[in-house]
Every structure is written in C-alpha cells, then in structure tokens.
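Close look at the chain arrangement
Chain by chain, the residues run as shown.
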Amino acid sequence: MALYSAGIGLIDPTWHRTLGFGLALVIGVAAARRKQLSAAPQGSGYGIRHIVVDLLLLGAGCWAIVSFFVVQSEMQVVLYDVTRQDAWPALAGLCVFLELCRRLWGWGLFAVGALAVLYLLFGQSLPGILEHTGFTLAEVAENLWYNTNKGVFGSITNIVLGTVFIFIIFGVLLEGTGAGDTLLKFAFLATRRSRGGPAHAAILASSLFGTMSGSTVANIVGTGTFTIPMIKKRGFTPAFAAGVEATASTGGQIMPPIMGAAALVMADLTGMGYLNIAIAALVPALFYYFSLFTAVTIEARRQGVQVQPLEVKDKITRLDIFNSILFVGPILTVIISLVMGVSTSASGFYATLVLVLLSVINPEVRRDPMRLVRSFITGSASGASLLIAIAAIGILVGALDSTGLGLKLANVIAMLRGDSLFSALFVAMMGALVLGMGMPTLPAYLIIVLVMGPAIQALGLSLLTAHMFVFYYGVASSLTPPVAIAAYAAAPIAGANPLKTSLVAFRLGLAQFIIPFIFVYYPTLLIVEDFSLASFLWIAARTAFCIWLFCSAMAAFDRERLSVAEVALRFLVAFLCLVPDPMIHLPAVAMGALLVAFHLRRTQPIANVTGA
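Rules and cut-offs
Residues numbered from 1 in each chain as written. Predicted model: local features only at pLDDT ≥ 70, side-chain atom pairs only at ≥ 80, totals over all residues. Heavy atoms only, no water. Helix = DSSP H or I, 4+ residues; strand = E, 2+ residues; numbered from the N terminus. Rg over C-alpha atoms; globule rule 2.2 N^0.38 Å. Buried < 20%, exposed > 50% of the residue type's maximum accessible area, 1.4 Å probe, protein only. Contact = heavy atoms within 4.5 Å. Areas by Shrake-Rupley, 256 points an atom, 1.4 Å probe, with all protein chains shown as cover. Core = buried A, V, L, I, M, F, W, Y, C linked by side-chain atoms within 4.5 Å. Phe/Tyr/Trp six-rings, centres within 6.5 Å; stacked < 30°, edge-to-face > 60°. Salt bridge = Lys/Arg side-chain N within 4 Å of Asp/Glu carboxyl O. Lys, Arg positive; Asp, Glu negative; His and termini not counted. Axes fitted to C-alpha atoms, helices over the stretch in contact; angles between N-to-C directions. Parallel < 35°, antiparallel > 145°, perpendicular 65-115°, else oblique. Left-handed = near helix turned anticlockwise from the far one by under 90°.

1. Some words on the overall build of the protein chain
Along its length, the protein chain carries 28 helices and zero strands. Since a compact globule built from 612 residues should have a radius of gyration of about 25 Å, the 25 Å found for the protein chain is in line with a globular shape. Overall, the C-alpha framework of the protein chain stretches about 85 × 65 × 55 Å when taken along its three principal axes. When the 612 residues of the protein chain are sorted by exposure, 55% land in the buried category. Nonlocal contacts in the protein chain, meaning residues at least 24 apart in sequence, comprise 77% of its contacts between residues at least 6 apart. A total accessible area of about 25100 Å² is found for the protein chain, and carbon and sulfur atoms account for 69% of it.

Here's what the structure looks like:
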C-alpha cells in the first residue's frame, strides 16, 4: 500500500486511512503479543485468557474502524451528525489503540492519549486555564475519531501514511541488503588515524546509519553491537563506550539527507518542502557531530589512548566497494529527485526501487533472496507500530484543538518570559524536554510542537526556526536523565550501568541543547532564511571555537588537565562568544584565544616529548 500510494497512484483518503489502521491493528496485536511473550518468564505460556483478550481487541478495533469508514462515507454525500450510537464504537477504538500503544510503546505515550480523552470528558470540572466548556460523548467521538483533520484519523496520520511509510520501508531495506555492514567498514577506514578510532567510527557510522533506521534505538542496536565492544577494546570505559554510541545514534535523526520520520512530518506541517528542511538542518547537525568528535578526541587524550593499526578484518575489500553502491545509489536517487522537484514520497519510492534493483550486487542477497521479503515484513511491522503511536498523538491533537489548551499554555509562557527572549526559550526548552522524555523521536516532536509550538512562534520566530527548535529538543529528550532511552538501550550492550551511561551521554551530547539557541539568535545558520555569507562564516567560526572550549571544559582536559580556574574561564568565554553584541563576543573571542595559546605554550614541551 505504501509503495502504491508513493509511486503509482493516489488512494482515496478514507480507504487509505481505513486500510492503514486495519492492517496496523492486526500487525500491532501480533507484535504486542510477541513482545509480551519475549519478556515473559521462561515456561509461561500463551493461554486461553490471552487469546480471548487479543480477539476482543481485534473485534472491537475492527468494529470501530468499520464505523469510521461508514460515517465518513455518509459525510461525503449528506450532512451527517455523529450520534450517541456512533460514539460507542469510537470509544472502543480509542481504548483498543491506547492499549496497543501501552503494550508497544510503554506507559508514557499511553498516558498522553488517555489523559487527553479524560480531559475532553471531564475537563469542564477542572480549575483555571484547564477548564473548558464540556463535550458530550458524540462530540468527543467526532473530535477524536470521525474527524479527518484532527484526531486518530487526522492530518498527521495522512502524512505518515503518505510520506513516512515509504521511507521506513526504504530504511529497513537498506539495512537488510547489507549496506549497513559496508558502511561500518568505511567508517572505520575513515577514522583509522584518529586517537578515538572505533569511537570516532561509531560517530560517523551512526550519523549515516540514522538515515537508514529512522529510530534512535534501532540505530544503537544496528551499529552499537559492533562499535561498542571495539570502543571498549581500544581502552575506553564501558560507560563512555555506551555514551558515545547513544549520543551518536541520537544525532542520526538530525543528519541530512534523509534524517528521520520527524523531519518528513515537519516538511508537511510547515509547508517548507523536505529539501529546504534538509538544507536547514545540515549545518546544525554538522556542529553537533563536530562536538562529539571533539569530546572523543579530548577523552582519548585524557585516558592516554593511542592510534592503533587497522586490523585485516577491517580493511576494505573489492566486495565492500561494490556493496557501497547499495548505499550511495539510493541516497543519490533521493537527493537528485528532490532537487528535480519530485515529491518527497515519490523520491522515497524511486530510491526503494533503485535499491531493490541494485541489491543483486550483494552475493548474500543472491544466495538468499528472501532477505528482501523479510525486510519488507520488518518494515511493515515498524510502520504499524509507528501508526499506533500516531493514534495517541492524534488523540492529543484532537483534545488540544477542541479545547484551545495549546493557546492557553502559550499565553502562560508569554507571561512567564517577560521581555526576555532567552528566558522564554529556556522555559520552552525545559517544557519540551519534559514532554518528550522517554518518547521516540516522532511522537516526542509532535507532542512538543503541539503544546509548545504556538508559544515559541509567539516569540517572533519564523515557522521553520520554531519547528527546528522544537525538533532538536524532541531528539535531545532521548538523552535526558532520568528517562534517557538512548542510554538505556546502549548500556546493556556495553555491560555498563544505565544511569552512569545516561550521565555520560548527557555530557557528550550537551551541545545538542545549545545549538538550537544559536540558530534562533543566528538564523543564517539555517541557510534557507536570512542567509548572509559574512554573518554565516563569522558565527560558524565562533560556534566551532565555542564547542572546543566547551568540550575541553566539560572534560577538564585539553592537552593536559585543566585547573578549576581554567575550566571556569573556558565555560564563561564559550558562552560569551555566542552573545550577539559585538562589544561582548569580540573580547570573549580574544580572551578564548589567549587561554588556548597559554595552554599550548605551557604544554608544548610535554607535547614534544610524548608526541601528544
């Protein structure tokens, strides 16, 4: 269905959404049961009670989906008012998809959707800004279930079905055809002369692997099983190895050309076009990965890790060169298609088609053609799970839109911020991190932009800048303790303490919390808005210098250990370098240069002796 709608022909929206959720229901029930069985103690079986519950979920879900189709068909030909009788299948559908959301995505996303339903039903009794005028059961059903602009079957669902699904399939196929293994080898080759070695390779591979997976956790699992043991072998601690992989994999969501599903949704929500979103994201993403490379380099110096020769198994073979076409060819197809003005979904379709045709290059695919079939099945399961998460987001959209709560929160933030843009952005950042904590990237971005978006735009920011600001914190929320899902996914692979790993990952990825403030004050970094070459080069140089000062201060090390006074000065200078006022940032740059020159002069004899 995703292939057909992306590259062959349009499907009637009512049919498309009905079929999409119908398939998601069946696959979601099976996936949820499989997940529960894998987590159950050994010997606990799949009893009659479980079968009955699953059949009830399927029956109630089908009843609700068919009811949506029937009501929508009526609305297309006559003026139809949703009745109280129509409300019962709608409420059953909300319960079914929230339960599946709980099973597949955990309590966090379930709570978001469940509270939204309860708020519509009982919010008229709440105090202050939370109070609304009240909704009948029929009105709740109409807003959350039978509405194609908001709610479960709303516009966000349409974006996911029409654009995101094809890229999910594309990403899974990239991995399934063997492109990921070759990508890792090239990453190790490119970083073979660096002190960080496999840690730098993990950063490079994860930035590109994020293009394929579209998921932080999938990125960690896909690359971390190879890179984390090698990082530990080089001499880094387990917590640091897991922290590097967690931060690098998190950044894969912000790295063009494809980024993650959230960027595809952002293109539709802003109407900017995906190519513009990718261009706008490029420079901030490069700065994020520059900060990771810098942090690893400094940590390698601090721990005395040395460059090691490349092992035979890591060397590029002729087969690897041929297999690299599996990655380069489809990515070029996406870029060229977008530049030529082809729609985002059609670009994904052409890239998928090219990938399937090129997959015969890999001898493993020729020996086992069923790899492609298994990849399509995996992609379908991933898409179904995502659509179930989108159901919870749709419920939140319906509740916020119906009650006007988002605009009320924007007014509250406006009162809290006073006249300071920085304080307003800080409040928005903290709210975004809390709202996105423990969420996958796309649901986190959607929740944050729905709740915080109006408040951020009220600050005078452009639509693109506001969405990019929210997008970054939607991604960063996966690194934020105590619910740092990226760190908790990487820690078991490294055999590290999850909480310690989350703190290391938070320290390594701290630049991701600063970069959004930089492009808000200097939108020229986004290139597509207010671009000036001179301003761009000047703020780019200051940002790079700030990152170096900041990373060395965080590690309390440069070429040797830094004193407490040097750490404090580097922190202060790093932040002052970014202040828009030239009367502040020019002296700060000069002071920073003096700090670095003094440190180099003091450590030069050590460098000559040790070869540091």
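Once the structure has been displayed, the description carries forward.
2. A closer look at the nonpolar core
In terms of nonpolar packing, the biggest core is built from 193 residues, with Trp145, Leu442, Tyr445, Phe469 and Phe471 touching the most fellow members. Counting five residues, the second-largest nonpolar core is a separate cluster that includes Leu184, Ala187, Phe188 and Ala201.

3. Digging into the packing of aromatic side chains
For the structure on display, the rule yields 22 aromatic pairs. Taken together, a centroid distance of 5.3 Å and an interplanar angle of 80° make the contact between Tyr288 and Tyr289 edge-to-face. Summarising the burial analysis for this pair, Tyr288 and Tyr289 share the class buried. Site record: aromatic cluster; members linked through ring pairs are Phe422, Phe469, Tyr473, Phe506, Phe513 and Phe517.

4. Some remarks on the pattern of salt bridges
One pass over the full model with this rule turns up 12 salt bridges. Between Asp401 and Lys150 there is a salt bridge whose closest N-O contact spans 3.1 Å. Of this pair, Asp401 sits in helix H18 (residues 370-403) while Lys150 sits in the loop between helix H6 (137-144) and helix H7 (155-176), and the two are 251 residues apart along the sequence. For Lys150, a relative accessible area of 13% puts it in the buried group. One salt bridge in this structure joins Glu566 and Arg602, with 3.2 Å as the shortest N-O distance. One end of the pair, Glu566, is in helix H27 (residues 564-576); the other, Arg602, is in helix H28 (residues 582-610), with 36 residues separating them in the sequence. A relative accessible area of 9% places Glu566 in the buried class. In this structure Arg602 comes out as partly exposed when scored by relative accessible area, which is 31%. One salt-bridge network, in which partners are shared between bridges, spans Arg33, Asp54, Glu99, Arg102 and Arg103.

5. Describing the side chain of Glu245
Within the element layout of this structure, Glu245 appears in helix H11 (residues 238-251). No salt bridge is formed by the buried Glu245; the nearest opposite charge belongs to Lys232, separated by 13 Å. Sequence-distant contacts of Glu245, defined by excluding residues within four places in its chain, comprise Ala202, Ser206, Asn219, Ile220, Thr223, Gly224, Thr227 and Ile228.

6. Considerations on the packing of helix H21 (residues 441-457) against helix H22 (residues 463-476)
One way to put it is that H21 packs onto H22 with a least axis distance of 8 Å and a crossing angle of 140°. The angle between H21 and H22 falls in the class oblique. By crossing handedness, the relation of H21 to H22 is classed as right-handed. Listed contacts from H22 to Thr441, Ala444, Tyr445, Ile448, Val449, Ile456 and Gln457 of H21 are Leu463, Ala466, His467, Phe469, Val470, Phe471, Tyr473, Gly474 and Val475.

Note that all results are geometric; they support no functional claim without further evidence.
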